[in-house]
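Geometric and topological summary
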Amino acid sequence: MVIDTLDHLGDYVSLNPLFSKVVDFLSQHDLNTMEEGKYPIEGDDLFLNLTSAKGKAPDEAVMETHRKMIDIQIPLSTSETYGYTPLCDLPEAEYNAEKDISKMPGVMGQSYVNCQPGMFAIFFPQDGHAPCISTEPSIRKAIFKVKA
């Protein structure tokens, strides 16, 4: 897991060859003015989901993991807290290969991190994360899905 400010995202391009395309996309687009939806960038290997999600209490947020994709999550409208637990400490869970997700409802994070607008969180396949924790009723956010 990586938490940092967007002006430092370029410092992480060595972690995945597609990260430089995320940096390029952000330099050419204003996420705050774009409509919600799915934006293909590099076929199924890299795309953006712009969405609004319901803010949840920590005990309502669902822990999830992905096997094939890395999430770069960027809160846009308000701060967002993420529960975090390493995959090795999570219980076995059913994997949905079509959606590349395992969900573990009721599993609380071992720790929590908060991102403000202007920040990002990168979750790798080994990072269990429970997104959308907020006291606000809705969070507008960007999620770049990057092939691991």
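Here the structure is shown first, and the text comes after it.
Residues numbered from 1 in each chain as written. Predicted model: local features only at pLDDT ≥ 70, side-chain atom pairs only at ≥ 80, totals over all residues. Heavy atoms only, no water.

Quick word on the overall build of the protein chain
Each helix and strand counted, the protein chain has 1 helix and 12 strands in total. Taken from the N to the C terminus, the helices and strands of the protein chain come in the order β-α-β-β-β-β-β-β-β-β-β-β-β. The C-alpha radius of gyration of the protein chain comes to 14 Å, within 12% of the 15 Å expected for a compact globule of 148 residues. Along the first, second and third principal axes, the C-alpha atoms of the protein chain reach 40 × 30 × 25 Å. With 148 residues in all, the protein chain has 47% of them scored as buried. Excluding contacts between residues fewer than 6 apart, the proportion of contacts in the protein chain whose partners are at least 24 apart in sequence is 80%. A total of about 7500 Å² of accessible surface is found on the protein chain, and carbon and sulfur atoms cover 50% of it. For the protein chain, the distance from the average position of its 12 positive side-chain charges to the average position of its 22 negative side-chain charges is 6 Å. (Helix = DSSP H or I, 4+ residues; strand = E, 2+ residues; numbered from the N terminus. Rg over C-alpha atoms; globule rule 2.2 N^0.38 Å. Buried < 20%, exposed > 50% of the residue type's maximum accessible area, 1.4 Å probe, protein only. Contact = heavy atoms within 4.5 Å. Areas by Shrake-Rupley, 256 points an atom, 1.4 Å probe, with all protein chains shown as cover. Lys, Arg positive; Asp, Glu negative; His and termini not counted. Charge placed at Lys NZ, Arg CZ, Asp CG, Glu CD.)

Brief notes about the environment of Phe25
With respect to the helices and strands, the residue Phe25 is situated in helix α1 (residues 19–28). Exposure remark for Phe25: the relative accessible area of 10% places this residue in the buried category. Phe25 sits 96 residues away from Ala121 along the chain, and the two C-alpha atoms are 17 Å apart. Not counting the four nearest positions on each side in its chain, Phe25 is found in contact with Leu31, Met34, Ile41, Leu48 and Phe144.

Some details on the layout of surface pockets
Where empty space is left can be seen by rolling a probe of water-molecule size over the atoms. Empty space within the largest pocket amounts to approximately 720 Å³. If you go around the largest pocket, you meet 31 residues; those closest to its centre are Glu64, His66, Lys99, Ile101 and Lys145. Secondary structure elements with two or more residues in the lining of the largest pocket: β3 (46–54), β5 (69–75), β7 (95–96), β8 (101–104), β11 (127–133) and β12 (138–147). In terms of residue class, the lining of the largest pocket is made up of 11 nonpolar, 5 polar and 15 charged. (1 Å grid on protein atoms, 1.4 Å probe; cavity = no way out; pocket = protein on both sides within 12 Å on 5 of 7 lines; lining within 4 Å. Points joined across faces, edges and corners; volume = space filled by probe spheres on them. Nonpolar A, V, L, I, M, F, W, Y, C, P; charged D, E, K, R; others polar.)

Points about the sheet that holds strand β2 (residues 37–42)
Whenever strands of a sheet pair, they do so through backbone hydrogen bonds, lying parallel or antiparallel. With respect to topology, 6 strands assemble into an open sheet ordered β1-β10-β5-β12-β3-β2, the strand pairing being antiparallel. In this open sheet, the two strands that pair with only one neighbour each are β1 (2–5) and β2. The mean inter-strand angle of the sheet, taken between neighbouring strand axes irrespective of direction, is 20°. Bridging between β5 and β12 involves 7 bridges; their strand directions are antiparallel. Pairing of Gln73 across the sheet is with Ile143, part of β12. (Pairing = 2+ DSSP bridges. Axes fitted to C-alpha atoms, helices over the stretch in contact; angles between N-to-C directions.)

Structural notes on the side chain of Gln73
Take Gln73: it is sitting in strand β5. With residues near it in sequence (within four places) discarded, Gln73 still touches Glu80, Tyr82, Met119, Phe120, Ala121, Phe123, His129, Pro131, Lys141, Ala142 and Ile143.

Overview of the nonpolar core
Within the largest apolar cluster, 23 residues are counted, with the highest numbers of intra-cluster contacts made by Leu31, Ile72, Ile74, Ile122, Phe144 and Val146. Every element with two or more residues in this core is listed here: α1, β3, β5, β10 (119–123) and β12. The greatest single-element share of this core, amounting to 4 residues, is contributed by α1. Setting aside its immediate chain neighbours within four residues, Ile122 contacts Met1, Val2, Leu9, Phe19, Ile70, Asp71, Ile72 and Asp127. (Core = buried A, V, L, I, M, F, W, Y, C linked by side-chain atoms within 4.5 Å.)

Thoughts on the pairing of β5
Burial analysis of β5 places 7 of its 7 residues in the buried class, the great majority of the element. Alternating residues of β5 divide into Met69, Asp71, Gln73 and Pro75 and Ile70, Ile72 and Ile74, and every residue in both groups is buried. Sheet analysis places β5 next to β10, joined by 3 bridges and oriented antiparallel. In the sheet register, Asp71 faces β10, and the bridge partner there is Phe123.

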